[in-house]
Amino acid sequence: MESDPRKYEHIVVKETDTHNIVLSYLVHNCFKETVESFIASTGMEQPASCIEDMDRRKGIINLVLDGYSLKAIELTEQLAPDLFQINKDLHFDLLGLHYVKLVCHRKTDEAVEFAQKVLTPFGMMESFLEKLEDFMALLAYEEPEKSPMFHLVSVDYLQQIADNLNQAILAHASLPSRSSLERLIQQTVVVGQFLNHEQSKDGHPLVSLKDFIKI
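By convention here, each chain's residues receive numbers from 1 onward along its written sequence. Restriction of local features to residues with pLDDT of at least 70 applies here, the model being predicted, together with a cutoff of 80 or more for giving and counting side-chain atom pairs; totals for whole chains, interfaces and linings are based on all residues. Hydrogens are left out, water is left out, and the side-chain values use all remaining heavy atoms of the structure.

Regarding helix 6 (residues 88-104)
Note the cut-off: In DSSP terms, a helix is any run of H or I states spanning at least four residues, a strand is any run of E spanning at least two, and both are numbered starting from the N terminus. Multiplying 1.5 Å by the residue count of a helix minus one yields the expected span of that helix. Buried residues are those whose accessible area, probed at 1.4 Å on protein chains only, stays under 20% of the maximum for their type, while exposed residues exceed 50% and partly exposed ones sit between those limits.
For helix 6, with 17 residues, the first-to-last C-alpha span of 24 Å sits near the 24 Å given by 1.5 Å per residue. With 13 of its 17 residues buried, helix 6 lies for the most part within the structure. With its phi angle positive at about 60°, R106 sits one or two positions after the end of helix 6.

So, the packing of aromatic side chains
Which entries qualify depends on this criterion: Paired rings are identified among Phe, Tyr and Trp, the last through its six-membered ring, by centres lying within 6.5 Å, and are further divided according to the angle between planes into stacked (under 30 degrees), edge-to-face (over 60) and tilted (the rest). We call a charge positioned above a ring when the Lys NZ or Arg CZ atom is no farther than 6 Å from the ring centre and deviates by at most 35 degrees from the ring normal.
Under the defined criterion, the tally for this structure stands at six aromatic pairs. Ring plane angle 50° and centroid distance 6.2 Å describe the contact between Y25 and F31, whose orientation is recorded as tilted. The class for Y25 is partly exposed, based on a relative accessible area of 35%. Pairing F92 with F128 gives two aromatic rings, centres 5.0 Å apart and planes at 55°, and the pair type is tilted. With F92 in helix 6 and F128 in helix 8 (residues 126-137), the pair connects residues that are 36 residues apart, well separated along the chain. Here F92 matches F128 in class, with each residue buried. Grouping aromatic residues by their ring pairs yields a cluster made of F92, Y99, F122, F128 and F135. When the ring centre of Y68 is taken as origin, the NZ or CZ atom of K101, which lies over that ring, is 4.4 Å away.

Describing the pattern of salt bridges
Convention followed: By salt bridge we mean one thing: a side-chain nitrogen of Lys or Arg within 4 Å of a carboxyl oxygen of Asp or Glu.
Overall, the coordinates contain six salt bridges when judged by the stated rule. Residues D93 and K131 are paired through a salt bridge, measuring 2.9 Å at the closest nitrogen-oxygen approach. Note that D93 is positioned in helix 6 and K131 in helix 8, a separation of 38 residues in sequence. Overall, D93 belongs to the buried group, its relative accessible area being 10%. K131 gets classed as partly exposed once you look at its relative accessible area, which sits at 26%. K117 is paired through a salt bridge with E113; the nearest N and O atoms lie 2.9 Å apart. Here K117 pairs with E113, and both are found in helix 7 (residues 108-119), just four residues apart, close to one helical turn. By relative accessible area, which is 61% here, K117 ends up exposed.

The following block contains the structure:
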């Protein structure tokens, strides 16, 4: 059931609100050149430390995506000194990426040594035990990407850790960990689910996000 435009087309959306939502998305994802062009074309004021912050965050996130998680940890500690003391899960995940890299490059001795010295201490906390066991199990497979723990060596997992780090750095700087666009979509989905639940007896959803965002 498509949404009837007559129900919402009379609602006025301020251009500044639209600009702020777009800018928030661009800054969140470190699209520096696009941010500069967007600010110049709209006449908006550039957020304080916007460009410098993006450069540093983007550099760190790219290190993670390129397989240099230890360097990413080092630079993150310079940018946000106590972040990993607060977010031990993220610290463990980043260290785990280095371990996975060693395993996938068949550097078994280095992987075992790194696990014993760096990862094993996390096993003192019960919340890390299951993932620690999954990491260790990768050593038993000639082709880790075909093991039951294949998700730990996937691009999707790598991207998720990078996204988590980006959000954590933003939150540490007292900035929104998610862009305005993402939060707006999340809110739209929640409202839509509520309205559809209220209307469920008729069998037709009132709100469909896909109807609004399709081209």
